[in-house]
Amino acid sequence: MAKKQFIESNFFEGYRLIGIVCGLPDFRISHFINRETELFLKKKKNFSLSEPRQPVFSWYFYHQEEQHRQFFLIQNKNKAELLMPSLNNFDYLLLMYGNFSDKIIEELLQKLRRIPYITAAYDQNLATIKEGDLLIARNEQHTTN
């Protein structure tokens with residue numbers, strides 16, 4: 001009898017998440033993040049985790065082609081609604097995909113924390129977040145739309 005072989009993979013491989021506490025509207029915080037980090041986040045179609053796509057949250061995207069990295073700034077709080085209830089302390093989520101070393105993440109966190117309007121910015125472990133896999137799946141789906 002032949003043995004079955006399974007390929008083990010990490011669903012979260014290549015993804016990093018930073019939670020951001022900031023009371024500014026999305027267009028203002030994206031401006032300050034772009035200026036301080038030299039990213040070029042641009043607003044795209046609104047985002048939602050649920051069907052029938054209500055409520056909606058702001059979604060910004062930037063692709064660093066030369067480093068093969070993608071950045072997604074996602075609004076976590078929209079009035080009284082939360083995108084990810086398990087991350088209710090954060091106003092915005094900076095989801096990143098690509099090759100990010102811990103040093104790169106630490107440098108990015110330092111730049112974000114220098115923005116006077118950002119109260120806090122913390123690296124989050126996606127594997128421990130209840131809706132982490134749903135966030136990645138919906139984000140990938142949203143990117144292709």
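To be clear, the structure that these remarks concern was listed above.
Residues numbered from 1 in each chain as written. Predicted model: local features only at pLDDT ≥ 70, side-chain atom pairs only at ≥ 80, totals over all residues. Heavy atoms only, no water.

Q: Where do I start with the overall build of the protein in this structure?
A: A tally of helices and strands in the protein yields 3 helices and 8 strands. When the helices and strands of the protein are listed from N to C terminus, the series reads β-α-β-β-β-β-β-β-α-β-α. When each of the 145 residues of the protein is scored for burial, the buried share is 45%. A sequence separation of at least 24 residues applies to 62% of the contacts in the protein between residues at least 6 apart. Total accessible area on the protein stands at roughly 8,900 Å², and carbon and sulfur atoms take up 49% of it. (Helix = DSSP H or I, 4+ residues; strand = E, 2+ residues; numbered from the N terminus. Buried < 20%, exposed > 50% of the residue type's maximum accessible area, 1.4 Å probe, protein only. Contact = heavy atoms within 4.5 Å. Areas by Shrake-Rupley, 256 points an atom, 1.4 Å probe, with all protein chains shown as cover.)

Q: Even after reading the chapter, I still don't get helix H2 (residues 102-114), so can you show me in this structure?
A: One turn of the α-helix equals 3.6 residues, which is why residues spaced by three or four share an orientation. In this model, H2 (13 residues) spans 19 Å end to end at C-alpha, consistent with the 18 Å of a helix rising 1.5 Å per residue. Among the residues of H2, those classed as buried are Ile105, Leu108, Leu109 and Leu112. The buried residues of H2 all sit within an arc of 105° when viewed along its axis, so they share a single face. Turned more than 90 degrees from where H2 packs its buried face, Lys103 and Arg114 sit exposed. (Expected span 1.5 Å × (residues − 1). Arc of directions from axis to C-beta.)

Q: How do you make sense of the sheet that holds strand E7 (residues 92-97) when you look at a structure like this?
A: Strand-to-strand pairing in sheets goes through backbone hydrogen bonds, with the strands running parallel or antiparallel. What the 6 strands build is an open sheet, ordered E2-E3-E4-E7-E1-E8; its pairing is antiparallel. Single-partner strands in this sheet number two, and they are strand E2 (42-43) and strand E8 (118-124). Those strands touched by H2 are strand E1 (15-22), strand E4 (69-75), E7 and E8, and its axis lies near 165° from that of E8. This element, helix H3 (residues 132-144), spans E1, strand E3 (59-64), E4 and E7 of the sheet and lies at about 105° to E4. (Pairing = 2+ DSSP bridges. Axes fitted to C-alpha atoms, helices over the stretch in contact; angles between N-to-C directions.)

Q: I tried to follow H3 on my own but got confused; where do I start?
A: Here H3 is 13 residues long and its end C-alpha atoms lie 19 Å apart, about the 18 Å a rise of 1.5 Å per residue gives. Residues of H3 that are buried include every one of Gly132, Leu135, Ile136, Arg138, Asn139 and His142, and no others. On its buried face, H3 sits against E1, E3, E4 and E7.

Q: I tried to follow the nonpolar core on my own but got confused; where do I start?
A: The tendency in soluble globular proteins is for nonpolar side chains to be buried as a group. One finds Ile18, Ile20, Ile33, Leu73, Leu112 and Ile118 to be the most contacted residues of the largest nonpolar core, which totals 24 residues. With 4 residues, H2 is the single largest residue contributor to this core. The next biggest cluster of nonpolar side chains, apart from the first, holds 19 residues, and it includes Leu17, Phe47, Leu83 and Leu93. (Core = buried A, V, L, I, M, F, W, Y, C linked by side-chain atoms within 4.5 Å.)

Q: Explain the layout of surface pockets to me, please; I cannot follow it from the model alone.
A: It is a probe the size of a water molecule, rolled over the atoms, that shows where empty space is left. The computed volume of the largest pocket comes to approximately 230 Å³. Around the largest pocket, the lining residues are Thr37, Glu38, Leu39, Gln64, Arg69, Phe71, Phe100, Ile104, Glu107, Leu108 and Lys111. Counting only elements with at least two residues in the lining of the largest pocket, the list comes to E4 and H2. Ranked by residues supplied to the lining of the largest pocket, first place goes to H2 with 4 residues. Looking at the lining of the largest pocket residue by residue, the class counts come to 5 nonpolar, 2 polar and 4 charged. (1 Å grid on protein atoms, 1.4 Å probe; cavity = no way out; pocket = protein on both sides within 12 Å on 5 of 7 lines; lining within 4 Å. Points joined across faces, edges and corners; volume = space filled by probe spheres on them. Nonpolar A, V, L, I, M, F, W, Y, C, P; charged D, E, K, R; others polar.)

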